[in-house]
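# Chains, contacts and geometry: an overview
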Amino acid sequence: DPVAPEKTISVRVDTADPVRTVAAATALWTRLVGPEVAGRFDFSHRPSIDGKDTYELSVVGGRVKVAGSSGVGIARGAYDYIRSKCYGQIGWTGTRVELPETLVDQAALVVTPPGPLQTYFNPVVFGYTTPFWDWQRWEREIDLMAIHGLNLPLALNAQEAISERVWLKMGFTQQEIDTFEVGPAHLPWQRLGCIVNHDGELPPAWHVGQVALQHQMLDRMRELG
């Protein structure tokens, strides 16, 4: 519904269950760096500052302690420690992280971003780059989003499945919809109103798969905050 001009929208990043938040961040970190490195980190939950993804980082007794207001906050804190000490890099082309045998203690440092929302993607990425990604590839992308502090990605998968349901209820036939649709790599431009009937149609199996994938993605994104 439209928001009245005098009203504001409050954004909060620390409304998730703390236990679930820590578990999600721990699982993410283990996926990225392996159990040996991840086992030297202790994660916990802390409140946000002004509704922003906040993390608190320290090293005590040779263990890295990261407290965050969301899974994204915790993940970003853990990766910021790795980068700040030049212990490795986690990126789109590979991962290399090597911790020294002894970690020097470090006083607590609290970090918060300039705003509550850090955006990611533009619409055409879903044509140029991601249209045929499976869950394994998306899982890694979501992990990479989190360690870079990104908490507002576009999530456009399965948009056509919902549109098709609406059009059928409006009285369009399946044949009319099929001849309107475009192939997966061209969907962003159809969404932008540029093209129709190019490399389509989208078979029912495509919609089923995209809906299932989108549910997996949204569950993980919400889990991490």
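Residues numbered from 1 in each chain as written. Predicted model: local features only at pLDDT ≥ 70, side-chain atom pairs only at ≥ 80, totals over all residues. Heavy atoms only, no water.

## Looking at the pattern of salt bridges
Following the criterion strictly, the structure yields twelve salt bridges and no others. A salt bridge links Arg96 to Glu98; its shortest N-O distance comes to 3.0 Å. Overlapping salt bridges bring together Arg31, Glu139, Asp143, Arg220 and Glu223 as one network. (Salt bridge = Lys/Arg side-chain N within 4 Å of Asp/Glu carboxyl O.)

## Side note on empty space enclosed by the protein
This structure, assessed with the given rule, holds one cavity of 30 Å³ or more. Its volume calculated, the largest cavity comes out at about 100 Å³. Considering the residues around the largest cavity, the lining is formed by Phe126, Thr130, Pro131, Leu156, Asn157, Ala158, Glu160, Pro184, Leu187, Arg191, Trp206 and Gln210. Looking at the lining of the largest cavity, its residues break down into seven nonpolar, three polar and two charged. (1 Å grid on protein atoms, 1.4 Å probe; cavity = no way out; pocket = protein on both sides within 12 Å on 5 of 7 lines; lining within 4 Å. Points joined across faces, edges and corners; volume = space filled by probe spheres on them. Nonpolar A, V, L, I, M, F, W, Y, C, P; charged D, E, K, R; others polar.)

## Section: helix H5 (residues 159-170)
Its twelve residues place the ends of H5 17 Å apart at the C-alpha level, agreeing with the 16 Å of an ideal helix rising 1.5 Å per residue. Those residues of H5 that sit buried are Glu160, Ala161 and Glu164. In an axial view of H5, the angular spread of the buried residues amounts to 105°, which keeps them on one side of the axis. Among the exposed residues of H5, those oriented more than 90 degrees off its buried face are Lys169 and Met170. In this fold, the buried residues of H5 make contact with helix H6 (174-180), helix H7 (187-191) and helix H8 (204-224). (Helix = DSSP H or I, 4+ residues; strand = E, 2+ residues; numbered from the N terminus. Expected span 1.5 Å × (residues − 1). Buried < 20%, exposed > 50% of the residue type's maximum accessible area, 1.4 Å probe, protein only. Arc of directions from axis to C-beta. Contact = heavy atoms within 4.5 Å.)

## Some details on the environment of Met221
Looking at the element boundaries, Met221 is found in helix H8. Expressed as a C-alpha distance, the spacing of Met221 and Gln136, which sit 85 residues apart in the sequence, is 14 Å. Apart from the residues lying within four places of it in its own chain, the contact partners of Met221 are Ile142, Met145 and Pro153.

## Quick look at the pairing of strand S2 (residues 55-60)
For S2 and strand S3 (residues 63-68), the ladder comprises six bridges, and the chain directions are antiparallel. Within S3, the residue paired with Leu57 across the bridge is Val66. Bridge analysis of S2 against strand S6 (residues 106-111) gives four bridges, and the strand direction is antiparallel. Bridging from a neighbouring strand, Tyr55 pairs with Val111 of S6. (Pairing = 2+ DSSP bridges.)

## Considerations on the packing of aromatic side chains
Between two aromatic rings, the relevant description is the distance of the centres plus the angle of the planes. Applying the stated criterion across every chain, the model contains twelve aromatic pairs. Here a set of aromatic residues connected by ring pairs shows up, and it is made of Trp29, Phe41, Phe43, Tyr81 and Tyr87. Geometry around Trp133 places Arg137 over its ring, the cationic atom sitting 3.9 Å from the centre. (Phe/Tyr/Trp six-rings, centres within 6.5 Å; stacked < 30°, edge-to-face > 60°. Lys NZ or Arg CZ within 6 Å of the ring centre and 35° of its normal.)

## Some thoughts on the environment of Thr112
Along the chain, Thr112 falls in the loop between S6 and strand S7 (119-120). A residue is classified by how much of its surface remains accessible, and Thr112, at 34% relative accessible area, is partly exposed. Excluding residues within four positions of it along the chain, Thr112 makes contact with Ile49, Lys52, Asp53 and Thr54. At 3.5 Å, the side chain of Thr112 forms a polar contact with the side chain of Thr54. (Polar contact = N/O pair within 3.5 Å; in protein donor to acceptor, adjacent residues only side chain to side chain.)

## Here we look at unusual backbone geometry
Across the junction of Gly200 and Glu201, the peptide omega takes the value 0°, indicating a cis bond. Inspection of the secondary structure assignment puts Glu201 in the loop between H7 and H8. Unusually for a residue other than glycine, Cys86 sits at a positive phi of about 60°. With respect to the helices, strands and loops of the structure, Cys86 is situated in the loop between helix H2 (71-84) and strand S4 (88-91). Under the relative-accessibility criterion, Cys86 is labelled exposed at 69%. Phi at Asn197 takes a positive value of approximately 55°, unusual for a residue other than glycine.

## Let's talk about the confidence of the model for the protein
Scored by pLDDT, the protein has a mean of 93; 93% of the residues are at 70 or more. Segment residues 1-12 is flagged for pLDDT under 50; beyond a separation of four residues in sequence, or across chains, it makes four contacts in the model. (pLDDT = per-residue confidence, 0-100.)

## Structural notes on a nonpolar patch on the surface
Taken together, the side chains of Ile162, Val166, Met170 and Phe172 define a hydrophobic patch exposed on the protein surface, amounting to about 390 Å² of accessible area. Counting through the fold element by element, Val166 comes out in helix H5. (Patch = residues over 30% accessible without salt bridge, like charges linked within 9 Å, V, L, I, M, F, W, Y side chains within 5 Å. Areas by Shrake-Rupley, 256 points an atom, 1.4 Å probe, with all protein chains shown as cover.)

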